[in-house]
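Examining the three-dimensional arrangement
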Amino acid sequence: MPLDLIALLPEPWREVLDLGDLTELETFVEREYAEQTVYPPLEDLFAAFRLCPPEQVRVLLLGQDPYHGPGQAHGLCFSVRAGTRVPPSLRNVFKEMAADVGSPMPGSGALTAWAEQGVLLLNSVLTVRKGQAGSHANRGWEEFTDATIRAVNRLDHRVVYLLWGSYARKKAALVTNPAHVVLEAGHPSPMNPRGFLGSRPFSATNKALADAGLPEITWDLKE
């Protein structure tokens, strides 16, 4: 049978996503997994959705596409598997986290603990070929993940959107619900020395959640 993305998607998300015809995307993704080395592994494709059901979303952090090196991507934006070297952008995220809320520098780059607290770690493009950043852009994933952003926008409770870098910041136009808060900053890449460090997104997120009577995120990534 052809790849059925809806069947792979956790059921709570199937009920809230307004998706069009996925045939072209499914055909492309199925062929890529069959013929190429693609990240993340298929079983981790919807890890962000599995760990963070829609009713639990309190924060949406948007990345661009998965890491394209072996053993890195596991379905959560900016996150790498435990035991994998922390990439430079994520290292800057941790530096800002330490400066902002005093969290110790983690020994692991796995952000699963954030996802389990209601941080939807969403990439705009959910797959990538090994060693080829951006290789699965403009094949249909953007429409899929835009539908995800719109579904979160329809939630009644406050959600904080963390949009880092020019690519992510363009998605602010999809956030129209006045209950929500959008926090924009530069990308944490070391190639972008200004605009992220010093933006204090972690404390600002918790203040926005507390102002709405919602629990704050525990950013510490304890071993």
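See above for the structure.
Only a predicted model underlies this, so the values are computations on that prediction, with no experimental measurement involved. All residue numbers here refer to positions counted from 1 along the written sequence of the relevant chain. A pLDDT threshold of at least 70 governs which residues receive local features in this predicted model, and a stricter bar of 80 or more applies before side-chain atom pairs are shown or counted, although totals over entire chains, interfaces and linings include all residues. Calculation of side-chain values draws on the structure's entire complement of heavy atoms; hydrogens and water are dropped beforehand.

Moving on: the sheet that holds strand β3 (residues 119-123). The rule for pairing is simple: two strands pair if DSSP sees at least two bridges between them. For the purposes of this entry, the term helix denotes a DSSP run of H or I that reaches at least four residues, the term strand denotes a run of E that reaches at least two, and both are numbered from the N terminus. Taken together, the four strands give an open sheet; going across it, the order is β3-β2-β5-β6, and neighbouring strands pair in parallel fashion. Of all strands in the sheet, those with a lone pairing partner are β3 and β6 (181-185), marking the two edges. Here the average twist between neighbouring strands, direction ignored, is 20°. Relative to strand β5 (residues 160-164), strand β2 (residues 59-63) is paired through four bridges, and the arrangement is parallel. In this description, a line fitted to the C-alpha atoms serves as the axis of each element, helices being fitted only across the stretch in contact, and the angle between N-to-C directions of two axes falls anywhere from 0 to 180 degrees.

On to empty space enclosed by the protein, then. Method remark: on a 1 Å grid restricted to protein atoms, a set of points is classed as a cavity if a 1.4 Å probe fits but cannot get out and as a pocket if it is open with protein on both sides within 12 Å along at least five of seven lines; lining residues have an atom within 4 Å of a point. Grid points are joined across faces, edges and corners, and a volume is the space filled by probe spheres set on the points. Summed over the entire model, instances satisfying the criterion amount to one cavity of 30 Å³ or more. The volume enclosed by the largest cavity comes to roughly 40 Å³. For the largest cavity, the full set of lining residues is P40, L45, P66, G75, N123 and L126. Each residue is assigned to one class: nonpolar for Ala, Val, Leu, Ile, Met, Phe, Trp, Tyr, Cys and Pro, charged for Asp, Glu, Lys and Arg, and polar for all the others, Gly among them. Of the residues assigned to the lining of the largest cavity, the class counts are four nonpolar, two polar and no charged.

So, on to the packing of helix α5 (residues 88-101) against helix α9 (residues 201-211). Running from amino to carboxyl end, α5 crosses α9 at an angle of 60°, the nearest separation of the two axes being 7 Å. Comparing their axes, α9 and α5 come out oblique. Between α5 and α9, the contacting residues are V93, E96, M97, D100 and V101 on the first element and P201, F202 and S203 on the second. Taken together, the residues that form the contact of α5 with α9 break down as five nonpolar, one polar and two charged. Should an angle lie under 35 degrees it is considered roughly parallel, over 145 roughly antiparallel, and from 65 to 115 roughly perpendicular; all remaining angles are considered oblique. Residue contacts are defined here by distance: any two heavy atoms, one from each residue, within 4.5 Å place the two residues in contact.

Moving on, we come to the layout of surface pockets. Within this model, the largest pocket holds a volume of roughly 490 Å³. What lines the largest pocket is a set of 30 residues, among which D65, Y67, F78, S89 and H187 lie closest to the centre. Counting only elements with at least two residues in the lining of the largest pocket, the list comes to β2, α5 and α8 (166-169). A per-element tally of the lining of the largest pocket places α8 first, with three residues. The residue inventory of the lining of the largest pocket, partitioned by class, reads 15 nonpolar, 14 polar and one charged. Empty space within the second largest pocket amounts to approximately 200 Å³. Around the second largest pocket, the lining comprises 14 residues; the ones closest to its centre are G20, D21, L22, G140 and E143. Counting residues per element, the lining of the second largest pocket draws most heavily on helix α7 (residues 141-153), at four residues.

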